[in-house]
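Examining the three-dimensional arrangement
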Amino acid sequence: MGQKLIAGINIDVNDEGYLTNSSQWNKEIAVEIAKEEGIEITEKHLAVVNFIRDKFLKGENLTIRSVGNSGIVDIKGFYSLFPGAPMKKAAKIAGIPKPSSCV
Amino acid sequence: MTKEEFPLKKVCIICAKGTIEDVYASLVMANGAVMEGIETKVFFTFFGLDAITKKQMNNLHTGTIGNPAMRMPGGLPFPTLLGMIPGVEAGVSMMMKSQMEKLDIPPVKEFLEMIDAGGGEIYACKLAMDMFKLKKEDLWDGVKDILTIGQFYEMAGGLQTQIIFT
């Protein structure tokens, strides 16, 4: 566990770069982390990020299926918004821990 | 933490059995691989073909006979004789599916669509298709191709590739 300067603030992150204190998150941080992941954030990205953040904060089960059923984006669209590993990337940008679900 | 030096790049998963648990083991691994950005190919053969056959795919069962790990709700052993009673297998299978739904594990067809949406590829085995007298039109529309085992091996090459048999 350490700290990292993101968007001008010292943020608590783990070895893999996930925020360890999700309350430190804000939109500027999301934009910065996304840039590191090679993603230029759009409103669509933010809508997905807010959705999964909301799910996490409510303590609900977060799965790729639930993102696909969110009404914001379908699963194909989710993969194209966050290419490669969508759940992991979106979680990192959303300032929540690495996804723990197998689905 | 040490950094993984040779992360997986490709997995080729073979599903040869048609029970709920065998098919879902393959689907969970396949979807999981796609979600990690790993190139994924799933090859369905023998009874595993049920999972990609339109008529059968959402009607898979769990065998209630000869499974020593089968338990009653609550943990008591499940007597094999009970599993022989008509309807029991269907009931157990329905229960499995409802438990999975609670964990947001989708039905077979939806799961395959999720894998497909992420770029995973689904294949059927030619020999088993011939054996079961199945035609391309009997299969789920997302099946990419019908392959011989030789063609499957041709796809399974490359460093950091694993073949997984479930």
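What you are looking at is a predicted structure, and each value in this text was computed from that prediction instead of being measured. (Residues numbered from 1 in each chain as written. Chains lettered and ligands numbered in written order. Predicted model: local features only at pLDDT ≥ 70, side-chain atom pairs only at ≥ 80, totals over all residues. Heavy atoms only, no water.)

**Describing the overall build of chain B**
Put simply, the rule reads: A run of DSSP states H or I qualifies as a helix once it reaches four residues; a run of E qualifies as a strand once it reaches two. Both are numbered from the N-terminal end. Buried residues are those whose accessible area, probed at 1.4 Å on protein chains only, stays under 20% of the maximum for their type, while exposed residues exceed 50% and partly exposed ones sit between those limits. A contact between two residues is defined here by any heavy atoms of the two lying within 4.5 Å. Residue-level accessible areas treat just the shown protein chains as cover; the underlying method is Shrake-Rupley with a 1.4 Å probe. The sign given to each residue is positive for Lys and Arg and negative for Asp and Glu; His and the chain ends receive no count. Taken as the charge location is NZ of Lys, CZ of Arg, CG of Asp or CD of Glu.
Regarding its fold elements, chain B presents six helices and five strands. Secondary structure elements of chain B, listed N to C terminal, follow the sequence β-α-β-α-α-α-β-α-β-α-β. Along the three orthogonal principal directions, the C-alpha set of chain B runs to about 50 × 50 × 25 Å. The buried share among the 166 residues of chain B stands at 41%. Long-range pairs, those at least 24 residues apart, make up 70% of the contacts in chain B between residues at least 6 apart in sequence. With the model as given, the accessible surface of chain B reaches about 9300 Å², and the carbon-plus-sulfur share is 62%. Both charge centroids of chain B, one from 16 positive and one from 20 negative side chains, sit 3 Å from each other.

**With respect to the sheet that holds strand S1 (residues 10–15) of chain B**
Residues and elements named next belong to chain B. Stated formally: Pairing between strands is defined by DSSP: at least two bridges between the two strands are required. Fitting a line to C-alpha atoms yields each axis, with helices limited to the stretch in contact; the angle taken between N-to-C directions then spans 0 to 180 degrees.
Read from one edge to the other, the open sheet built from five strands follows the order S4-S3-S2-S1-S5, with strand pairing classed as parallel. Of all strands in the sheet, those with a lone pairing partner are strand S4 (145–147) and strand S5 (161–165), marking the two edges. For this sheet the average axis-to-axis angle between neighbouring strands, irrespective of direction, equals 25°. Note: strand S2 (residues 39–44) against strand S3 (residues 121–125), four bridges, orientation parallel. Bridge pairing links phenylalanine 44 to alanine 124 in S3. Each of S1, S2 and S5 is contacted by helix H1 (residues 20–35), which is oriented at about 165° to S1, the strand it contacts most.

**Concerning the packing of aromatic side chains**
Quick note on the threshold: In summary, the pairing rule links any two rings of Phe, Tyr or Trp, Trp by its six-membered ring, whose centres are within 6.5 Å, and it sorts them by plane angle into stacked for under 30 degrees, edge-to-face for over 60 and tilted for everything else. Over a ring means this: the NZ of a Lys or the CZ of an Arg is within 6 Å of the ring centre and within 35 degrees of the ring normal.
A full pass over the atoms with the stated rule returns five aromatic pairs over all chains. With a centroid separation of 5.9 Å and 40° between ring planes, the pair formed by tyrosine 24 of chain B and phenylalanine 111 of chain B is classed as tilted. Of this pair, tyrosine 24 of chain B sits in helix H1 while phenylalanine 111 of chain B is found in helix H4 (residues 108–117), placing the two residues 87 residues apart along the sequence. Relative accessible area serves as the criterion here: at 0%, phenylalanine 111 of chain B is assigned to the buried category. Chaining the aromatic ring pairs together yields one cluster made of Phe43, Phe152 and Tyr153 of chain B. The residue whose ring lies beneath lysine 92 of chain A is tyrosine 18 of chain A, and the NZ or CZ to ring-centre distance is 5.3 Å.

**Comments concerning the packing of H1 of chain B against H4 of chain B**
Residues and elements named next belong to chain B. In plain terms, the rule: By definition in this entry, angles of less than 35 degrees are roughly parallel, angles greater than 145 are roughly antiparallel, angles of 65 to 115 are roughly perpendicular, and the rest are oblique. Here a crossing is taken to be left-handed if its near helix is turned anticlockwise relative to the far helix by less than a right angle, and right-handed if that turn runs clockwise. Nonpolar residues are Ala, Val, Leu, Ile, Met, Phe, Trp, Tyr, Cys and Pro. Charged residues are Asp, Glu, Lys and Arg, and all others, Gly as well, are polar.
Two numbers describe how H1 lies on H4: the axes approach to 9 Å, and their chain directions differ by 25°. The orientation of H1 relative to H4 falls into the category roughly parallel. When the axes of H1 and H4 are compared, the crossing they make is left-handed. Touching Val23, Tyr24, Leu27, Val28, Ala30, Asn31 and Val34 of H1 are Val108, Phe111, Leu112, Met114 and Ile115, all from H4. Grouping the constituent residues of the contact of H1 with H4 by class yields eleven nonpolar, one polar and no charged.

**As for the domain arrangement of chain B**
Residues and elements named next belong to chain B. Keep this limit in mind: Start and end points for every domain follow an automatic or database-based domain assignment. Accessible area, probed at 1.4 Å, shrinks when two parts are joined; the buried area is that loss added up over both. Polar contacts here mean pairs of N or O atoms no more than 3.5 Å apart (in protein, one a potential hydrogen donor and the other a potential acceptor; neighbouring residues in sequence count only if both atoms are side-chain atoms).
Per the domain assignment, the segments of chain B are domain 1 (10–58 + 107–165) and domain 2 (64–105). If you average the C-alpha positions of domain 1 and of domain 2, the two centres end up 25 Å apart. Between domain 1 and domain 2 lies a buried interface of about 480 Å² when both sides are counted; carbon and sulfur atoms form 74% of it. Contact with domain 2 buries surface across domain 1, with Ile20, Tyr24 and Pro107 losing the most and accounting together for 69% of the total. For the interface between domain 1 and domain 2, the tally reads zero residue pairs in polar contact (both at pLDDT 80 or more). The leading source of residues in the side of domain 1 that touches domain 2 is H1, at three residues.

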